[in-house]
Amino acid sequence: MAITLTFPDPDSTYLLKLVQSLHRHHTHGEPLTHSSTRGWFWDVKPIPKSISAQHHARSETMNDFPWHTDCSYASKPPRFFGLHVLQADRCGGGTLSVVKLDKVLKHLGKEAVETLSREEFRIEVPPEFENGTKSVIGPVLKPIGGGEEFTKEMKCRYRADIIHPLTEKATSALEDLKKALAQARTDNSDICLNLSPEMIPNGTILLMDNGRWLHARNEVKDPERHLRRIRWDAREF
């Protein structure tokens, strides 16, 4: 869902009240605390190179950020996330690409989908998010609602650089998924939606299902690009 605000909201009050309302009235789980200092919100903006830190989150750089789901390394990833565009990229970068998982899985064979649904993957926790746990073992895909039967509705957790297959079949299935996602991001793909800054200008709020959609971002060219993120409703993967 995309919402366009017609009023200034520098503190993202609308987004916060919306998520709180979903919790009160629609059985959504509470927002996730990003850190002890930032609370429920996380400011997605480049950190100047002059500011030294042991580790920078990928979202805090200007680099291309390939396909992923948020908190893919967590045992309980957030079911949803929201983004508030405070300052869109004014220099032609920062395009947000989104793709629905179901459309990607149509390009995979049944065996690959079944293998990706097994606990044959080690997913490492990025250093900047380590909290006593360095990795988790589990599947990349899982049927929504649980159970053993494979249905059309699946959810995923994915970020290629931190997923390590533990078997030969897992390696092959993960490569198939990577190829399908690479194809989805090409210019002639009909399953990927590329949201340029002109399509989601300042004041836009995006709400996404973190398990059913993957997202990516190309290189940020405006050092003042600024999005604010909130995540909520953590569920056991």
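Residues numbered from 1 in each chain as written. Predicted model: local features only at pLDDT ≥ 70, side-chain atom pairs only at ≥ 80, totals over all residues. Heavy atoms only, no water.

Peer 1: Looking at this structure, I do not really get the pattern of salt bridges. What am I missing?
Peer 2: Pairing between side chains of opposite charge can happen when their charged atoms approach one another. Under the counting rule described, the total for this entry stands at 13 salt bridges. Between Asp-233 and Arg-79 there is a salt bridge, with the nearest N and O atoms lying 3.6 Å from each other. Here Asp-233 is found in strand E14 (residues 226-234), whereas its partner Arg-79 is found in strand E4 (residues 78-87), with 154 residues between them in sequence. Asp-233 sits in the buried class, given a relative accessible area of 2%. Take Arg-79: its relative accessible area is 31%, and that puts it in the partly exposed class. Residue Asp-233 is joined to Arg-235 by a salt bridge in which the shortest nitrogen-to-oxygen separation is 3.0 Å. Given the relative accessible area of 37%, Arg-235 is considered partly exposed. Members of the salt-bridge network, linked through shared partners, are Arg-79, Asp-233 and Arg-235. (Salt bridge = Lys/Arg side-chain N within 4 Å of Asp/Glu carboxyl O. Helix = DSSP H or I, 4+ residues; strand = E, 2+ residues; numbered from the N terminus. Buried < 20%, exposed > 50% of the residue type's maximum accessible area, 1.4 Å probe, protein only.)

Peer 1: Where do I start with the sheet that holds E14 in this structure?
Peer 2: The sheet built from 5 strands is open, its strands ordered E1-E12-E4-E14-E2 with antiparallel pairing. At either end of the open sheet lies a strand with only one pairing partner, and these are strand E1 (2-4) and strand E2 (41-44). Within this sheet the neighbouring strands show an average axis-to-axis angle of 20°, counted without direction. Contacts between helix H1 (residues 13-25) and the sheet are confined to E1, E2, E4, strand E12 (204-209) and E14, with E14 contributing the most and set at about 10° to the helix. (Pairing = 2+ DSSP bridges. Axes fitted to C-alpha atoms, helices over the stretch in contact; angles between N-to-C directions. Contact = heavy atoms within 4.5 Å.)

Peer 1: I tried to follow the nonpolar core on my own but got confused; where do I start?
Peer 2: Nonpolar side chains in soluble globular proteins tend to end up buried together. Membership of the largest hydrophobic core comes to 34 residues, with the highest contact counts inside it found for Leu-116 and Tyr-158. When residues of this core are traced back to their parent elements, those giving at least two are helix H2 (101-105), helix H3 (110-116), strand E6 (121-124), strand E9 (154-156), helix H4 (168-184) and strand E13 (213-217). Sort the elements by how many residues they give to this core and H4 lands first, with 7 residues. Tyr-158 has contacts with Trp-67, His-68, Thr-69, Ser-72, Val-140, Ile-163, Leu-174, Leu-177, Lys-178, Leu-181 and Leu-214, leaving out every residue within four places of it along the chain. Residues Ala-57, Phe-81, Ala-88 and Ile-200 belong to the second largest nonpolar core, which totals 14 residues. (Core = buried A, V, L, I, M, F, W, Y, C linked by side-chain atoms within 4.5 Å.)

Peer 1: Before we go on, may I ask you to explain the side chain of Asn-210 in this structure?
Peer 2: Among the structural elements, Asn-210 can be located in the loop between E12 and E13. The contact partners of Asn-210, leaving out residues within four places of it in the chain, are Thr-69, Asp-70, Pro-78, Arg-79, Phe-80, Phe-81, Cys-156 and His-215.

Shape descriptors only; they carry no functional weight alone.
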